Amino acid sequence: MSDSFDEYRRKIIKQSISASTLALVAASGLITPRVLLAHWPQDAFNAETLEDAILTFLGEAEEVDEEAIQFTIGSPPTYAVNGASVPVEISSSLQNIQRVALLVEKNPFPLAMALEPTPAMRFPFKTMLKVAEDSEIIAMVRADDKLYRTSRYVEIDIGGCA
Amino acid sequence: MAIKTRDRIRAKLQDDHTVVRILLSHPMHTGRGKNDQDELIPAEFIQDIRCWRNDEEVLTVKCGTATSRNPYFAFQLNGGEIGDVIRLRWVDNLGAKGTAETKVV
C-alpha cells in the first residue's frame, strides 16, 4: 500500500468521525428540548431550593414589605390533615402584576405553581397544592418590578407528595 | 393513560366581574409515588394551562408536580357579559392535551 493512499484513508476516517459526532450531538438533545419545553420554565420548577426557584422564575428585584398581597384566612389552613390537597387562596390589591409564584418550602421542588396573569384577570385566585410535610407556604408577586411576599406556616398530618 | 371523567368549567357573572371555576380531571403523578407492586409511577402532570375569554388570552398557569390531583382553580375576570365564551386548554408533560369551554351565565 502506498503512503499517499494511507494518508487519504486517514483523512476520510477523521472527517467521517467529526461529521457523525456533530449529528449525534444534534440528535441527542441540544435542539429538541428547547422546542418542546419552551412554554414551561423547567429550571425554575426543578430548582431544589427556595432561593433558586424564586430567582429563576421571578428574577432579581427589590423586595417590598407591604400588605399588598395576602392569603385568605383559613386558606391555606394552619393545620391540614391531608397534604395531598391543601387549599390556597391569594388575594392582592396590586395592579400590573407580571408574575405570581406559589411555593412550598419543604417540598422536593419548592415551586408549586406559577401564574402569568393579564390585566383582565383579578384576584382572589384559588387552587389546591400538595404539601409534603410541615412547611411554610409562600406566595410571591412581581409587580412593577418589585417583589411582594406573604407566607403562612402549615402543619400537615399525612404528607401529600406521593 | 386514558382519562375517563371530563374536565369541568363554570363561569358566572356577578355584579362587575366574572367568576371562573375549573376542575380538571388528571392523575397528576409526581414521579415519586409508588403503585401496589411497589414500583414507581412515572411522572405525569399538567404543565401548562391557558385560558381565553372570547379570543383574548386572560391567564396562563404553569404547574409543577405539587399541584394536587384533579387540579382545581378559581379566579375572577374584570367585567364580562352573559354569553362570553371562556375557553381553556391544558398540556401535560407527556404531551397529552385537553380543552374545555363554557359560556358565562
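Before reading further, recall that the structure is shown in the block above.
Residues numbered from 1 in each chain as written. Chains lettered and ligands numbered in written order. Predicted model: local features only at pLDDT ≥ 70, side-chain atom pairs only at ≥ 80, totals over all residues. Heavy atoms only, no water.

Novice: Give me the lowdown on the overall build of chain A, citing residues and values where you can.
Specialist: When helices and strands are counted, chain A shows four helices and nine strands. The order of helices and strands in chain A, counted from the N terminus, is α-α-α-α-β-β-β-β-β-β-β-β-β. Residues counted as buried form 38% of the 162 residues belonging to chain A. Considering only intrachain contacts with a sequence separation of at least 6, the fraction spanning at least 24 residues in chain A is 68%. For chain A, the accessible surface area stands at approximately 9,300 Å², while carbon and sulfur atoms represent 54% of it. (Helix = DSSP H or I, 4+ residues; strand = E, 2+ residues; numbered from the N terminus. Buried < 20%, exposed > 50% of the residue type's maximum accessible area, 1.4 Å probe, protein only. Contact = heavy atoms within 4.5 Å. Areas by Shrake-Rupley, 256 points an atom, 1.4 Å probe, with all protein chains shown as cover.)

Novice: Please give an account of the interface of chain B and chain A that cites residues and values.
Specialist: The parts lose accessible area when they come together, and the size of an interface is often stated as this lost area. Listed as interface residues are 31 residues of chain B and, on the opposing side, 32 residues of chain A. Both faces combined, the contact of chain B with chain A buries some 2,700 Å², and carbon together with sulfur accounts for 53% of it. Where chain B packs against chain A, one counts one salt bridge. Between Asp 16 of chain B and Arg 122 of chain A there is a salt bridge, and its shortest N-O distance comes to 3.3 Å. For the side of chain B that touches chain A, the secondary structure elements donating two or more residues are strand 3 (46-53), strand 4 (56-63) and strand 5 (72-78) of chain B. At eight residues, the largest contribution of residues to the side of chain B that touches chain A is made by strand 4 of chain B. For the side of chain B that touches chain A, the per-class residue count stands at twelve nonpolar, eleven polar and eight charged. (Buried area = accessible area lost by both parts, 1.4 Å probe. Salt bridge = Lys/Arg side-chain N within 4 Å of Asp/Glu carboxyl O. Nonpolar A, V, L, I, M, F, W, Y, C, P; charged D, E, K, R; others polar.)

Novice: Break down the side chain of Asp 7 of chain B for me, citing the residues and quoting the values.
Specialist: Residues and elements named next belong to chain B. In this structure, Asp 7 sits in the segment before strand 1 (8-14). Among the polar contacts listed, one links the side chain of Asp 7 to the backbone nitrogen of Ser 25, at a separation of 2.9 Å. Engagement of the side chain of Asp 7 in a polar contact is seen with the side chain of Trp 90, the distance being 2.7 Å. The contact partners of Asp 7, leaving out residues within four places of it in the chain, are Leu 23, Leu 24, Ser 25, Trp 90, Thr 99 and Ala 100. (Polar contact = N/O pair within 3.5 Å; in protein donor to acceptor, adjacent residues only side chain to side chain.)

Novice: Could you give an account of the sheet that holds strand 5 of chain B, naming the residues involved and the relevant values?
Specialist: Strand pairing in a sheet is mediated by backbone hydrogen bonds. Such pairs are either parallel or antiparallel. Sheet architecture is open: six strands sit in the order 2(A)-4(A)-7(A)-5(B)-2(B)-1(B), paired in antiparallel fashion. Taken across any chain shown, the strands that pair with only one partner, and hence form the sheet edges, are strand 2 (69-71) of chain A together with strand 1 of chain B. Put simply, the sheet's adjacent strands are angled 15° from each other on average, direction ignored. Looking at chain direction, strand 7 (residues 121-129) of chain A and strand 5 of chain B are connected through four bridges and run antiparallel. Bridging from a neighbouring strand, Thr 127 of chain A pairs with Phe 73 of chain B of strand 5 of chain B. (Pairing = 2+ DSSP bridges. Axes fitted to C-alpha atoms, helices over the stretch in contact; angles between N-to-C directions.)

Novice: Describe the packing of aromatic side chains, listing the residues and the values that go with them.
Specialist: Scanning the entire structure with this criterion turns up two aromatic pairs over all chains. For the pair Phe 125 of chain A and Phe 75 of chain B, a centre-to-centre distance of 6.5 Å together with 20° between the ring planes defines the contact as stacked. Taken together, the positions of Phe 125 of chain A in strand 7 and Phe 75 of chain B in strand 5 put the pair across two chains. On the basis of relative accessibility, which here comes to 1%, the residue Phe 125 of chain A falls in the buried class. Three or more aromatic residues joined by ring pairs make a cluster, and in this case those are Phe 125 of chain A together with Phe 73 and Phe 75 of chain B. Arg 99 of chain A extends its terminal NZ or CZ atom over the ring of Phe 57 of chain A, reaching a point 4.5 Å from the ring centre. The ring of Trp 52 of chain B is capped by Arg 87 of chain B, whose NZ or CZ atom sits 5.1 Å from the centre of that ring. (Phe/Tyr/Trp six-rings, centres within 6.5 Å; stacked < 30°, edge-to-face > 60°. Lys NZ or Arg CZ within 6 Å of the ring centre and 35° of its normal.)

Novice: Any chance you could break down empty space enclosed by the protein for me, citing the residues and the numbers?
Specialist: Residues and elements named next belong to chain B. Inspection of every chain in the model, using the stated rule, returns one cavity of 30 Å³ or more. As for the largest cavity, its lining consists of Ile 22, Ile 49, Arg 50, Cys 51, Leu 59, Val 61, Phe 73, Phe 75 and Leu 88. When residues of the lining of the largest cavity are traced back to their parent elements, those giving at least two are strand 3, strand 4 and strand 5. The element best represented in the lining of the largest cavity is strand 3, accounting for three residues. Residue composition of the lining of the largest cavity, by class: eight nonpolar, no polar and one charged. (1 Å grid on protein atoms, 1.4 Å probe; cavity = no way out; pocket = protein on both sides within 12 Å on 5 of 7 lines; lining within 4 Å. Points joined across faces, edges and corners; volume = space filled by probe spheres on them.)

Novice: Break down the side chain of Thr 18 of chain B for me, citing the residues and quoting the values.
Specialist: Residue and element names in this part refer to chain B. Locating Thr 18 in the fold gives a position in strand 2 (residues 17-23). Overall, the relative accessible area of 0% leaves Thr 18 in the buried class. For Thr 18, the side chain forms a polar contact with the main-chain oxygen of Gly 79, separated by 2.8 Å. In contact with Thr 18, not counting residues within four places along its chain, are Ala 11, Lys 12, Leu 13, Arg 53, Phe 75, Gln 76, Leu 77, Gly 79, Gly 80 and Val 104.

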